[in-house]
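The chain contents come next:
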Amino acid sequence: MADARMSARPAARPEPNPASPGPAASAGPRLEVRGLEHAFALRPVLEDIALDVAAGEVLALVGPSGCGKTTLLHLCAGLLQVRSGRLDNDFARPACMFQQPRLLPWKPALDNIALGLKAAGIGRAEREARARALGLRLGLVEDDLGKFPHQLSGGMQSRVALARALVLEPDLLLLDEPFSALDIGLKTELYGLLLEHMRERTMGVLMITHDLMEAVRLSDTILVMTPSPGRIARRFAIDRPAMQRDDAFVHRVTASLLQDPVVRKCFDLAPVATPVAGDGFAPTLPAVRLIGAETPAIAPAAGRHLRC
Amino acid sequence: MNLLRNALRALPAYLWSGWGAIASLLLLLAAWEWLSVAYGDLILPDPRTTASTLAGLMTEGGAWLELATTARRALAGLGAALLLGSVFGIAAGVSMTASMMSRPIMTVLIGTPPIAWLVLAMLWFGTGDGTPVFTVFIACLPVVFVGAMQGARTLDGQLRDMASAYRVPLSMRVTDIYLPHVVSYLFPAWITALGISWKVVVMAELLASSDGVGAALAVSRSHLDTASTLAWISAVVGLLLAVEYLLLEPIKREIERWRMPA
């Protein structure tokens, strides 16, 4: 299978896709990634990644587990060295949320929230006041703030981790499926808090998820990734503002995206019974656009086990 | 300072929680008394005789001096072991190669009986302070070293990533992330080392010194004075119990408060 994929790839490396997936180049800081590749011990995990995040924009990277999403996020966060390709980040204050809350177990919630402020050299009184104010707004109660992480429930720990990121007033937020372990109610509530926060201040968000519906609910642009090695197979733009998307809209858009054969292949789903002719994606909603479809390096209409 | 204040504040509740411990110690005393009734005073004097002998030793003045001498030696050896063991243990834990290399050496050190070191130390240092101090040092070192190495080895890579994502400067990483983790491994090792040092120093003095509790024990043994032998043993054990439960345990509770169940 891998051979089929390799032979289908053009011999010369294709130019990084020039189609800018984000809105037209605007003023303000942006994260720009072109032709990014990464490998762990000769095993390629990311190939030819191009993406843009502008201030005030939410970009979702969707893909199955193990497609290199987290590696990509770590590269963007500067936790991994960029080896090949270009990554320009002129956001001044990025903040990160990881898959696990990653709180310091020996510090009470309040000190955990204030960690980034302390690192920035802000005095105790001010950082505690700011951490407390934000923690309370995110649904923690005064009592929780004095507790150690292991005394808090998973949802509360996630709130603390979210507060730790937001208290820095970041201009770029990097989210690595931070709420994937929470139940759907908590998840919705926390994303609601996040959207509310975004409305008040312009913040770029790069979020990673394996949940297409979550991406449809929150993001302006959705990039669908294929696994091993991770490549971007599809780019969708959703034009309706996130605050105006109701459940029905999210369900309809998700369903229509799941009709796309390329998306189905990425998640290793069986092809739909009546495949759509042509390029494959037939937008059934005016709010969704296919932008700059990257030619995925796969032989078309092969068996469902072909990894794209 | 904050730590000390909190430890003092928690002290009354802690002492109250000690009733169970006191009850079990009293049970031990009862068993002792029963055995002494069964076997007679020459084999095992009862606790009250022991206590009055100890009180006699104290009031005559010699006991405090001997205890202070013993404590000085134990603490000197222990201090050196804590310092060097912690520093080198952490250093070894940071480097994979160093920890792999030092592990067998530490196994050898742990496996060598303290009495063997004592014999060597007597040849090297004679009958001065050097012999007990060295024996204590070499007996405590591997315990502390291994604790420190484990602490440094198990540092959480995820927390390290988090710290660099949040741009935590190095000094703060040490105080807020590395140190609390390492201390949670080191402190129990230190307490274990304290117990070892106290036992080993008495043994070393018994064989190699002319003063200290160990030497006093040697004298009472040669006089077949079971009562004063037991008095010295109670003094040594009582002192260790007092240090451990009145000083170290409250500090440990305060340091590890974050681990306690909700």
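Residues numbered from 1 in each chain as written. Chains lettered and ligands numbered in written order. Predicted model: local features only at pLDDT ≥ 70, side-chain atom pairs only at ≥ 80, totals over all residues.

A. How the structure looks around the overall build of chain A. If you tally the helices and strands in chain A, you get eleven helices and ten strands. For chain A, buried positions account for 43% of its 308 residues. Within chain A, residue pairs in contact and separated by at least 24 positions form 74% of the contacts whose partners lie at least 6 positions apart. (Helix = DSSP H or I, 4+ residues; strand = E, 2+ residues; numbered from the N terminus. Buried ≥ 20, exposed ≤ 12 C-beta atoms within 10 Å, placed from the backbone. Contact = placed C-beta atoms within 7 Å.)

B. Representation of the overall build of chain B. The secondary structure content of chain B amounts to twelve helices and zero strands. In sequence order, the secondary structure elements of chain B are arranged as α-α-α-α-α-α-α-α-α-α-α-α. Summarising its shape, the C-alpha atoms of chain B cover approximately 70 × 50 × 30 Å along the three principal directions.

C. Examining the sheet that holds strand β8 (residues 221-226) of chain A more closely. Residue and element names in this part refer to chain A. Sheet architecture is open: seven strands sit in the order β5-β6-β7-β3-β8-β9-β10, paired in mixed fashion. Each edge of the sheet is formed by a strand with only one pairing partner; in this case those strands are β5 (94-97) and β10 (288-290). With strand direction ignored, the average angle separating the axes of adjacent strands in the sheet is 20°. With three bridges joining them, strand β9 (residues 231-238) and β10 adopt antiparallel strand pairing. Of the residues in β10, the one forming a bridge with alanine 237 is arginine 289. (Pairing = 2+ DSSP bridges. Axes fitted to C-alpha atoms, helices over the stretch in contact; angles between N-to-C directions.)

D. Region of the structure containing the interface of chain B and chain A. Listed by partner, the interface residues are 16 residues for chain B and 15 residues for chain A. Looking at the side of chain B that touches chain A, the elements that each hand over two or more residues are α9 (157-165) and α10 (170-208) of chain B. Here the element with the most residues in the side of chain B that touches chain A is α9 of chain B; it accounts for six residues. Here the side of chain B that touches chain A is composed, by residue class, of eleven nonpolar, two polar and three charged. (Nonpolar A, V, L, I, M, F, W, Y, C, P; charged D, E, K, R; others polar.)

E. Representation of helix α2 (residues 69-77) of chain A in the model. All names here are of chain A. The element α2 is extensively covered by neighbouring structure, given that nine of its nine residues are classed as buried. Of all the positions in α2, only Lys69, Thr70, Thr71, Leu72, Leu73, His74, Leu75, Cys76 and Ala77 are classed as buried. Looking one or two places after α2, you find glycine 78, whose phi comes out positive at around 80°.

F. Region of the structure containing the pairing of β9 of chain A. Residue and element names in this part refer to chain A. The element β9 is largely enclosed, with a buried count of seven among its eight residues. As paired elements, β8 and β9 share six bridges and run antiparallel to each other. Along β9, the bridge assignment pairs isoleucine 222 with phenylalanine 236.

G. Here's a closer look at the environment of alanine 116 of chain B. By the element assignment, alanine 116 of chain B lies in helix α7 (residues 114-125). Spatially, the C-alpha atoms of alanine 116 of chain B and threonine 135 of chain B are 9.2 Å apart, while their sequence positions differ by 19 residues.

H. Looking closely at the pairing of β8 of chain A. All names here are of chain A. Across the six residues that make up β8, a large majority, six, are buried. The pairing of strand β3 (residues 58-62) with β8 spans four bridges and is parallel. Counted as the bridge partner of alanine 60 is isoleucine 222 from β8. Remark: four residues form the turn of the hairpin made by β8 and β9, two consecutive strands paired antiparallel; serine 228 in that turn has positive phi of roughly 30°.

I. Broad picture of the nonpolar core. One finds Cys140, Val144 and Ala193 of chain B to be the most contacted residues of the largest nonpolar core, which totals 135 residues. Broken down by element, this core gets its largest block of residues, 16 residues, from α10 of chain B. Residues lining this core come from more than one domain, with at least three contributed by each of domain 1 (2-93 + 171-290) and domain 2 (102-169) of chain A. Beyond its immediate sequence surroundings of up to four residues, cysteine 140 of chain B is in contact with Gly77, Leu78, Ala81, Ala193, Ile196 and Ser197 of chain B. (Core = buried A, V, L, I, M, F, W, Y, C linked by C-beta atoms within 7 Å. Domains from an automatic or database assignment.)

J. Representation of the confidence of the model for chain A. Residues and elements named next belong to chain A. Counting all residues, the mean pLDDT for chain A is 79, and 81% of those residues have values of 70 or more. In the predicted structure, residues 1-25 sits below a pLDDT of 50 and forms 36 contacts with residues beyond four places in sequence or in another chain. Of the regions scoring below 50 in pLDDT, residues 295-308 engages in 27 contacts with residues more than four places distant in sequence or in other chains. (pLDDT = per-residue confidence, 0-100.)

K. Representation of the packing of helix α5 (residues 62-94) of chain B against helix α11 (residues 213-222) of chain B in the model. All names here are of chain B. Contact geometry for α5 and α11: axes closest at 8 Å, N-to-C directions at 130°. Between α5 and α11, the crossing angle belongs to the class labelled oblique. For the pair α5 and α11, the contacting residues are Glu66, Leu67 and Thr70 in the first and Val213, Gly214 and Ala216 in the second. Its residues assigned to classes, the contact of α5 with α11 shows three nonpolar, two polar and one charged. (Parallel < 35°, antiparallel > 145°, perpendicular 65-115°, else oblique.)

L. Structural view of unusual backbone geometry. Residues and elements named next belong to chain A. For alanine 41, which is not glycine, the phi dihedral falls at a positive 50°. Among the structural elements, alanine 41 can be located in the loop between β1 (30-40) and β2 (43-54). Residue classification places alanine 41 among the exposed positions, given that 4 C-beta atoms sit within 10 Å. If you check the backbone angles, glutamate 177 has positive phi at about 40° while not being a glycine. Mapping glutamate 177 onto the fold places it in the loop between β6 (172-176) and α8 (184-200).

M. A look at the sheet that holds β1 of chain A. Residues and elements named next belong to chain A. The three strands are arranged β2-β1-β4 in an open sheet whose pairing can be described as antiparallel. Of all strands in the sheet, those bounded by a partner on one side alone are β2 and β4 (84-89). Each strand axis lies, on average, 20° off the axis of its neighbour in the sheet, ignoring direction.

N. Highlighting the environment of serine 102 of chain B. Residue and element names in this part refer to chain B. Mapping serine 102 onto the fold places it in helix α6 (residues 96-111). On the neighbour-count criterion, serine 102 (21 C-beta atoms within 10 Å) is buried. Here the alpha-carbon distance between serine 102 and alanine 152, two residues 50 residues apart in the chain, equals 14 Å.

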